[in-house]
Amino acid sequence: MENTGALSIRNAGKIYDPEGIHVVAVDDVSLEIEAGEFFVLVGPSGCGKTTLLNVIAGFDQLTSGAINMDGTPLASPGKRLRPGPDRTVVFQQGALFPWKSVLWNITCGPVKQGRISVEAAKKQAREFLARVGLHGIEDQYPEALSGGQKRRVEIIRALMNDPTILLLDEPFRALDALTKSVVQEHLLELYDFSPKTVFFITHDLEEAIFLGDRVAIMTTRPGSIKKVVRVDIPRPRDHRILTSSRFLKLKAELGEAIHDEAQKAFEAGERELA
Amino acid sequence: MDSPMFTIVSDAFASAVAYRLDRGGESPGRWNIRGVREMEAGRSTAMQSGGRSRVQYGVRLKRLVKSPRLYQAVFGIGLFFILWYLFVDFFGIWRFAKLPKLVESVKEWLSTDPVFGVSLFTAEYYKHIWASLVRVFSAFAIATVLGITIGILMGWRRIFFALTFPILETLRPIPILAWIPLAIILLPGRELPIIGLTFLAAFFVTILNTLLGVRAIDKVYFRAAESLGMSQWQQLWHVIVPGALPYIFVGLQIAMGACWFSLVAAEILSGSAGLGYKVWETYYYVQYPTMVITMATLGFFGYVSSAIVRITGNRLMRWRSEMLAGV
């Protein structure tokens, strides 16, 4: 399983409605994500981050460029590899099946693919749950869980699926600041426990630096990559690093860039409204 | 008193009233969440997939007896009978004088030797009830199986939708009364046309609601299922069917009402037994107390059958914090 999940994005572009309004969502993005790397993409709302993630996941198509994973083409204009368990997504709005128990949700990926037995999956699920401090919720329905619990369960569901790459689309967006910091630490713990390539999207810079091996800043629409920075803070990390000088230096460096983009996005929004 | 019928009826009643109790003042206009309090105190015992225990039913029953709602419901029903008594028995004003008196009707219903031959203690009463129940439940069962199957296929596969929707949408608005001659021509005997007409009313409602139910499932669940490696069939069984259930059961409740409605219409026109037939017959022979007894019986079984659908729905959808509407 080592050294898989290397993602190569070359000159990727996505234009919505090319004949009509011609909205450029993603513009000439090139990134090389290493196998096993925790890669974070930061950008203002509506910059095309989610579009890029959807293309990788197989939900959407590119209009130019190409994306490969471990040499296998994932997307190029007019072609896409259908969504599959090799690229499991954790969705922004949450997608636990409300009509199934927590345990069913967590185990359904490997069990339905017929990779492991129900019993083995349940055992593994309990190990994961215990690791992030969730006990006794196996038989509950998702609706009975808190926001933070749901996010952890959904991340565990994705990890149980053992994807080549884990795609997280602003998973902590709806959480309050305190819950968020706890769940972030849990994500890191799970990542250290079960390392794989992670592609994480957020608009929160602190989150990006805290979690990532590398952080890329995406410009406002049309989305392209403005800056890529390596976060040389050793793992395992916890929230004490948030006040370390290295963290603050990175935050200042990237903060400048992201602020400019947020300003542009804001002004663009104003123009659209005017 | 441990007969299955008693259990169903008492269960229906307890659930109906408990439902009312749970509709607290959380947010007006929204069906209130059952068990918000349980969820706060120790994360929801009611939502364990293991199911509600006897104990919880005990708690519900206690709440029911303690609450004023039960007495309000009894008072509401009582008020209806008081008005009946006043307008018909006591004053006999205007055309109300023509109606059967409350006291007379109740006496007839409870009599061991009824004047017009139908009471709680006569076999004929149960013959009509049985005839109607068999028709409604067989028609409803067929409509449920066919309606849900077709509705799900329509929501699942575009081609099936394209083939079936226009014709179904053309047939749907034709009133049940207009189908009566065709049903009599097509279906042999007396029984099948009645069941056929009763079926038809429920059939279209069930299809439409099932289709809407499939359409209403958030696309993110399909994406999640694909991304977790579920096959098309697995998605059908684990995403589409459970996801559409809330709409399906709203449809089934409406369908049950439609069944009774068209049953009575069909029985009046072509029956030889059944509650609808009896209403018409007693009107014809001026046996008005029996007529209102039969009508009240229809109302009672309509209520109970709808409650059964609702209870079944709520049991299959324990994952929902919201309960099916209706009392």
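Note: the structure precedes this text.
Note that the structure is a prediction, hence the values are computed from the model and not measured. (Residues numbered from 1 in each chain as written. Chains lettered and ligands numbered in written order. Predicted model: local features only at pLDDT ≥ 70, side-chain atom pairs only at ≥ 80, totals over all residues. Heavy atoms only, no water.)

**Q** Is there a simple way to explain the overall build of chain A in this structure?
**A** Scanning chain A from terminus to terminus reveals 7 helices and 11 strands. Relative to a compact globule of 274 residues, whose C-alpha radius of gyration would be 19 Å, chain A shows 19 Å and is just as compact. Oriented by its inertia axes, the alpha-carbon framework of chain A measures out at about 55 × 45 × 40 Å. The buried share among the 274 residues of chain A stands at 53%. Look at the contacts in chain A between residues 6 or more apart in sequence, and 70% of them connect residues 24 or more apart. Summed over its atoms, the accessible surface of chain A is roughly 11600 Å², and 51% of this surface lies on carbon and sulfur atoms. Considering chain A, the positive charge centre built from 34 side chains and the negative charge centre built from 37 side chains are found 3 Å apart. (Helix = DSSP H or I, 4+ residues; strand = E, 2+ residues; numbered from the N terminus. Rg over C-alpha atoms; globule rule 2.2 N^0.38 Å. Buried < 20%, exposed > 50% of the residue type's maximum accessible area, 1.4 Å probe, protein only. Contact = heavy atoms within 4.5 Å. Areas by Shrake-Rupley, 256 points an atom, 1.4 Å probe, with all protein chains shown as cover. Lys, Arg positive; Asp, Glu negative; His and termini not counted. Charge placed at Lys NZ, Arg CZ, Asp CG, Glu CD.)

**Q** Quick question: what am I supposed to make of the pattern of salt bridges here?
**A** Between side chains of opposite charge, a pair can form as their charged atoms come close. Tallying each qualifying case throughout the model produces 24 salt bridges over all chains. When the shortest N-O distance is used, the salt bridge between Lys180 of chain A and Asp204 of chain A registers 3.0 Å. With Lys180 of chain A in helix H5 (residues 177–193) and Asp204 of chain A in the loop between strand S9 (197–202) and helix H6 (205–211), the pair connects residues that are 24 residues apart, well separated along the chain. Residue Lys180 of chain A is classed as buried on the basis of its relative accessible area of 16%. Its relative accessible area of 22% is what places Asp204 of chain A among the partly exposed residues. One salt bridge in this structure joins Glu267 of chain B and Arg135 of chain B, with 2.5 Å as the shortest N-O distance. With Glu267 of chain B in helix H11 (residues 232–270) and Arg135 of chain B in helix H6 (residues 123–156), the pair connects residues that are 132 residues apart, well separated along the chain. Each member of the pair, Glu267 of chain B as well as Arg135 of chain B, carries the same accessibility label: buried. Connected through shared salt-bridge partners, Lys49, Glu170 and Arg173 of chain A make up one network. (Salt bridge = Lys/Arg side-chain N within 4 Å of Asp/Glu carboxyl O.)

**Q** Even after reading the chapter, I still don't get the packing of H11 of chain B against helix H12 (residues 275–284) of chain B, so can you show me in this structure?
**A** Two packed helices can be described by the angle between their axes and the distance between those axes. Residues and elements named next belong to chain B. Relative to each other, H11 and H12 sit at 55°, their axes nearing to 7 Å. If you check the angle between H11 and H12, you find them oblique. As H11 packs across H12, the resulting crossing turns out to be right-handed. Of the residues in H12, those in contact with Val264, Glu267 and Ile268 of H11 are Leu275, Gly276, Tyr277 and Trp280. Along the lines of polarity and charge, the residues of the contact of H11 with H12 split into 5 nonpolar, 1 polar and 1 charged. (Axes fitted to C-alpha atoms, helices over the stretch in contact; angles between N-to-C directions. Parallel < 35°, antiparallel > 145°, perpendicular 65-115°, else oblique. Left-handed = near helix turned anticlockwise from the far one by under 90°. Nonpolar A, V, L, I, M, F, W, Y, C, P; charged D, E, K, R; others polar.)

None of this, on its own, says anything about what the molecule does.
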